[in-house]
Amino acid sequence: MKDDMTLGERLRQRGVSRRGFLKFCATTASMMALPPSMISAIADSLQKAKRPSVIWLSFQECTGCTESLTRSHAPTVESLIFDHISLDYHHTLQAASGDAAEHARDEAMKQNWGKYLLVVDGSIPVAENGAYSTIAGITNLAMLQEVAEGAAAIVAVGTCAAYGGLPHANPNPTGAKSVADLITDKPIINVPGCPPIPTVISGVLAHYLTFDTLPELDDLGRPKAFYGQNIHDRCYRRPFYERGEFAETFDDEGARKGWCLYKLGCKGPTTYNACATAKWNEGTSWPVEAGHGCIGCSEPNFWDAGGFYQALSVPTGDASNTILGAAAAGVAVGAAAAVLNKRNKAKAAAAHEKVTVNDLNKD
Amino acid sequence: MSAPSVEKGIQFIREQIDAPVASFFSSCVHCGLCAEACLFYGQTGEAKYTPINKVEPMRRIWEQEYTLWGKIKSSLGLSRKVTEKDFEEWETLVYDACSLCGRCSLICPVGNDISDMIRKIREGFAAAGYAPEGLIGASKRAVEIGSPMGVKLPAVKAQIAHLKKDTGLDAPLDLKGADYMVLLSSMEIMNFPEYLEAVARIMRQAGKTWTISSKAFEATNAGIQIGVSDIAAELVQRVVDAAEELGVNTVISPECGHAFTAIRWEGPNLIGRPFKFKVQHILEVLDDFRAEGLLKTEGLEEAKLTFHDPCQLVRKGGVVQQPRNLLNMVASNFVEMRDHGAMNWCCSAGGGVSANERADEVKFKAFNQKKSQLDELGVDTLVTACANCRIMLEEGIEEHEMDLPVVGLTEMIADHLVEERVEDKAEDKNE
Amino acid sequence: MTSEALLTWARGPGFDLALAIFVLGMLLRLFEILSLGNKPDLAEGRGSGVVGGLKTIITRNWPRGTVFAREPVRIINGYVFHLGFFIVLFFYGPHIELFQTKLGLSWPGLPTGVIDAVAVITVASLVLALVMRLTSPVLKQISSVGDYVAWAATLLPVLTGYLAYNHMLVPYTQMLALHLLSVELLLIVAPFTKLTHMFSFVLSRWYQGYQAGHRGIES
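Residues numbered from 1 in each chain as written. Chains lettered and ligands numbered in written order. Predicted model: local features only at pLDDT ≥ 70, side-chain atom pairs only at ≥ 80, totals over all residues.

Regarding its fold elements, chain B presents 23 helices and seven strands. Taken against the 2.2 N^0.38 rule, which gives 22 Å for 431 residues, the C-alpha radius of gyration of chain B at 22 Å falls within 12% of a compact globule. Expressed along its principal axes, the backbone C-alpha trace of chain B runs to roughly 85 × 50 × 35 Å. Residue burial in chain B is summarised as follows: out of 431 residues, 59% are buried. Sequence separation of 24 or more characterises 82% of the internal contacts of chain B that already satisfy a separation of 6 or more. (Helix = DSSP H or I, 4+ residues; strand = E, 2+ residues; numbered from the N terminus. Rg over C-alpha atoms; globule rule 2.2 N^0.38 Å. Buried ≥ 20, exposed ≤ 12 C-beta atoms within 10 Å, placed from the backbone. Contact = placed C-beta atoms within 7 Å.)

With that settled, the discussion passes to the interface of chain A and chain B. With 18 residues of chain A in contact, the opposing surface of chain B contributes 23 residues. When the residues that make up the side of chain A that touches chain B are grouped by side-chain class, the tally is seven nonpolar, six polar and five charged. (Nonpolar A, V, L, I, M, F, W, Y, C, P; charged D, E, K, R; others polar.)

Right, let's get into the interface of chain B and chain C. Tallying the contact residues gives 50 residues for chain B and 47 residues for chain C. Of all elements in the fold, only helix 2 (19-27), helix 3 (33-37), helix 5 (51-54), helix 7 (68-75), helix 9 (103-107) and helix 17 (257-271) of chain B reach the threshold of two or more residues within the side of chain B that touches chain C. Sorting elements by how many residues they give to the side of chain B that touches chain C places helix 2 of chain B first, with seven residues. Tallied by class, the residues present in the side of chain B that touches chain C amount to 25 nonpolar, 15 polar and 10 charged.

This part covers the sheet that holds strand 6 (residues 381-384) of chain B. Residues and elements named next belong to chain B. Strands sit in the order 5-6-7 across an open sheet of three strands; the sheet is parallel. In the strand order of this sheet, the two ends are held by strand 5 (305-307) and strand 7 (406-408), each with one partner. Geometrically, the sheet is characterised by an average inter-axis angle of 30° between neighbouring strands, direction not taken into account. Strand direction decides the pairing type here: strand 6 and strand 7, joined by three bridges, are parallel. Bridge pairing in strand 7 links Leu-382 to Val-406. (Pairing = 2+ DSSP bridges. Axes fitted to C-alpha atoms, helices over the stretch in contact; angles between N-to-C directions.)

Attention now moves to the domain arrangement of chain B. Residue and element names in this part refer to chain B. With domains assigned, chain B is organised as domain 1 (6-131), domain 2 (136-291) and domain 3 (305-415). Inter-centroid distance (C-alpha atoms) of domain 2 to domain 3 is 22 Å. Across the boundary between the two partners, domain 2 contributes 29 residues, which contact 28 residues of domain 3. Put simply, the parts of the chain that give the side of domain 2 that touches domain 3 at least two residues each are helix 13 (186-191), helix 14 (194-206), helix 15 (222-226), helix 17 and helix 18 (282-291). When residues of the side of domain 2 that touches domain 3 are assigned to their parent elements, the largest contribution, seven residues, is made by helix 14. (Domains from an automatic or database assignment.)

This part covers the pairing of strand 3 (residues 250-253) of chain B. Residues and elements named next belong to chain B. Note that strand 1 (residues 180-182) and strand 3 share three bridges and pair parallel. Within strand 3, the position partnered with Met-181 by the bridge is Val-251. For strand 3 and strand 4 (residues 278-281), the ladder comprises four bridges, and the chain directions are parallel. Note on strand 4: the bridge partner recorded for Ile-252 is Gln-280.

Further remarks concern the confidence of the model for chain C. Scored by pLDDT, chain C comes out at a mean of 95, with 100% of its residues at no less than 70. For this predicted complex, the interface confidence score (ipTM) comes to 0.96, while the overall pTM stands at 0.89. (pLDDT = per-residue confidence, 0-100.)

The next point concerns the packing of helix 2 (residues 18-31) of chain A against helix 3 (residues 38-48) of chain A. Residues and elements named next belong to chain A. For the pair helix 2 and helix 3, interaxial distance at closest approach is 9 Å and the crossing angle is 120°. On the basis of their axis angle, the class for helix 2 and helix 3 is oblique. Classified by chirality, the crossing of helix 3 by helix 2 is right-handed. Residues Phe-21, Leu-22, Cys-25, Ala-26, Thr-28 and Ala-29 of helix 2 lie in contact with helix 3, whose contacting residues are Met-38, Ile-39, Ile-42, Ala-43 and Leu-46. By residue class, the composition of the contact of helix 2 with helix 3 is 10 nonpolar, one polar and no charged. (Parallel < 35°, antiparallel > 145°, perpendicular 65-115°, else oblique. Left-handed = near helix turned anticlockwise from the far one by under 90°.)

This part covers helix 19 (residues 321-330) of chain B. Residue and element names in this part refer to chain B. Considered for burial, the residues of helix 19 that qualify are Gln-322, Pro-323, Leu-326 and Val-330. Seen along its axis, helix 19 keeps its buried residues to an arc of 95°; they face one direction. Seen from the open side of helix 19, the exposed residues pointing more than 90 degrees away from its buried face are Gln-321 and Asn-328. Of the surrounding secondary structure, the elements contacted by the buried residues of helix 19 are helix 18, strand 5 and helix 22 (409-415). (Arc of directions from axis to C-beta.)

Moving on to the nonpolar core. Core analysis: the largest hydrophobic core is formed by 296 residues, its most contacted members being Ile-55, Leu-118, Val-120, Leu-144, Ile-154 and Ala-156 of chain A together with Cys-34 of chain B. In terms of residue count, the dominant contributor to this core is helix 1 (residues 3-34) of chain C (16 residues). Apart from residues lying up to four places away in sequence, Ala-156 of chain A is in contact with Val-120, Ala-161, Ala-162, Ser-178, Val-179, Ala-180, Ile-188, Asn-190 and Val-191 of chain A. (Core = buried A, V, L, I, M, F, W, Y, C linked by C-beta atoms within 7 Å.)

So, on to the packing of helix 1 of chain C against helix 9 (residues 172-189) of chain C. Residue and element names in this part refer to chain C. Viewed as axis vectors pointing N to C, helix 1 and helix 9 meet at an angle of 10°, and their least axial separation amounts to 9 Å. The angle between the axes of helix 1 and helix 9 places the two elements in the roughly parallel class. Once helix 1 is placed against helix 9, the crossing between them reads as left-handed. Between helix 1, through Ser-3, Glu-4, Leu-6, Leu-7, Ala-10, Arg-11, Gly-14, Phe-15, Ala-18, Leu-19, Ile-21 and Phe-22, and helix 9, the contact on the second element is made entirely by Thr-173, Gln-174, Leu-176, Ala-177, Leu-180, Leu-181, Glu-184, Leu-187 and Ile-188. Looking at the contact of helix 1 with helix 9 residue by residue, the class counts come to 14 nonpolar, four polar and three charged.

Let's shift gears to the sheet that holds strand 2 (residues 210-211) of chain B. Residues and elements named next belong to chain B. Read from one edge of the open sheet, four strands run 2-1-3-4, paired in parallel fashion. What marks the edges here is a single partner per strand, and that holds for strand 2 and strand 4. Here helix 17 sits on the sheet in contact with strand 3 and strand 4, set at roughly 155° to strand 3.

To continue, consider unusual backbone geometry. Both trends apply: most residues other than glycine have a negative phi, and most peptide bonds are in trans. The peptide bond linking Asn-170 of chain A to Pro-171 of chain A adopts the cis configuration, its omega dihedral lying at 5°. Take Pro-171 of chain A: it is sitting in the loop between helix 8 (158-163) and strand 8 (176-177). Here the residue pair Cys-194 of chain A and Pro-195 of chain A is connected by a cis peptide bond, since its omega of 0° sits within 30 degrees of zero. Inspection of the secondary structure puts Pro-195 of chain A in the loop between strand 9 (188-191) and helix 10 (198-211). Not every positive phi belongs to a glycine, and Asp-174 of chain B is a case in point at roughly 55°. Residue placement: Asp-174 of chain B occurs in the loop between helix 12 (153-167) and strand 1.

This brings us to the environment of Gln-280 of chain B. Residues and elements named next belong to chain B. Within the secondary structure, Gln-280 sits in strand 4. Separated by 17 residues in sequence, Gln-280 and Ile-263 have C-alpha atoms that sit 9.1 Å apart. Once you skip the residues sitting within four places of it in the chain, Gln-280 turns out to touch Thr-250, Ile-252 and Val-285.

Here you go:
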């Protein structure tokens, strides 16, 4: 369904004052590390923004991303923006179902060909020709390829869509792949996280709606504004790391004092996300603050990164077995070398020709 | 019996490499501190005299033949085999610029016994025909004549006769069951006859029986210096056979450095079995006498004097305190060199260097180390307990026109012996 | 390969491989040394070889005054980079966690700021060691390729660790991966260079000390 109301008109209709709207734009600008001078540009564009068509494809996913984005107890400007976009296809949110839903998708694609925004959550299985996940008899793989063709840009929401996520974890029985693995001719923004932070999504959309371009991305395709810093650098518990004060178990003195969770497996240092600053549940808390180490959920292959409770500095293999095995091999090779050495030395000793005083002159 | 050859030399080195040597090469971190302990490097500034560098050919043989990694490198053509050229180049490093003084071994932070490795590598060099002329000659004379300086029994007998004439004392030959069998170095027989007299007088005062073997009076061991265990063993065997035949209690090694090493430490290992007698250095014997109250002296040397510690006796022999105990009996102004005792500096002529004319130049350069020690102290007399050191010290002192007499410790002790006992005086009168 | 994939590999199979080569290699060297045998000393001893051996393992940790006077900088520098390396390796929290998880042992660590400073000092000390090796005639005479390989293998973990901790040069994940890879490089080359001294020094000091103890001479 679409109408021609601009976002500005819609917000005013909903009772959002100009001031409230500008505050949102200022927050958005600062979250994306844009200078204050951009606030009015954001405000202008957003105000005039028409309703872009958004097709949301959910593939091999748990719906957690949608839950995160849409769960709000009070209406927020983010959710209103969300309302503003013409969400023409979304399994969880759309009213239609079955053929009607697929027909709606086809219509939206035809009418907005080349201009609609494709949002994907969930990984795409390719094993067995994609049979592991189908919608209306169409494999995820085929649907992605079809819809991506007419998309202006693709937003891969959640770690599954961005990097393969949980299904992609060892041994990856469904052959799960990310959007970027399969679509190479369209601009893709990865918004990873398991799930991603709501404000991150709205920030990305706001950017797109405002500037009609993708925000600056890092080499993993993530907006630098939200994924440019690692958790460790913004973590409020960093001073404890510096002082070498670590919690050793989840309920020891250190844990109770809120010490660094490095030893309990926190992947903060290698994780790039906005959790430490933007936090979750509208700024209530985030994993570390709640006493659990970061699991690195916005990073590729975080499920196979050696375990959530093993510190980054600890090798993930079985060191004792390795040592035992290598020791056994070492003893075997050593024994062989020893035999050779003894033999060579014995040979030299056996070949010893006694030196007399007549054997000293080389002439 | 076979002709010397490079292949034979390499074979000998292979044979010499044992677990200690392998651990030394495995541990060497190339810190270069051994050079700082070496007087030959110190006084010439020649980096090639760095002690661990002197055994580089042995290290290459060890790596290439006794380590898997070395064998792999060899098969990939990444290592240089030891060749005749290495023997040519290293001969002077192994013989001329090393007196086997052992200071490098004491310094090494990882505990490498570098001087022992140099002793071992000499086995290969000698077998390859790359030993110095002087040492080859000394060895020949030692084996064929009985002394490296060609001293024969008649010369010994002549000294014994002199002794009788000058002091009325006997030096019994081949006395069975004597407490002590005395060995003499050719140097002492030829140049320092006062040693024999000193021993005789001290033995008389202490009331001990002693003897000299007519078959094995020579203490020095050219085999040790040239680094040929086969020859060294033959020379030691002579002493062992004589001592065991006579059934003596203790064999005394005289004031000589390497002779002590030869008979006390290498001896049993060369012949492959423990001795049936004890071995002591003359200073150990004298100190025992002192401790037992058998050594009565009087008077004190007034001159400011110091002690040069012979390397083989003190650092490598462990006879550190004894010379000091003895000197304190007869000296009123005994001062120590700054580096004294086990850390003293070599006279620069040990380990065969003095028998090697080719080494003269580097030897005298190295002597500057001893000179600087003496200059710092400013003494009137230099005491030592090794005839070879004594010769070198005298030569060096003369070279630098220093006015400094060198005295043997045993001789000095004897000079201060209390007057002979009444019975002996009467005996003398009766002659 | 992405940084995180490289990091995961370095933490996983990479480390196992390096550890295996290290253990195998060092055991091999031990056998190679011991298999060459040591003849018993038949000369009458004055003292205990065992006491001498054990004593010497400890006492060679300190330089003798006379040599120290000649090369104080070289000697002190040696202590600095050894101590610095050990402090950084054993007293940094995340490293202690490694030992705790793998060996069940743990001990108190030092504040990370201190470790950071020590790392800088260690790197500087290693650089000084290299300069001395390149300029001293004695060291040039006795140095070989192996010395420089060992030097690089020792420097890189400290340097990359410092860079990683301080988020310098490249993104942290990549730097951490490089740090782990440099540690793995050290483990792999150790048995084939003079770094074997980390274990064999016990043997070499023991052998000379034993003989000295038996003979009753200085060691």
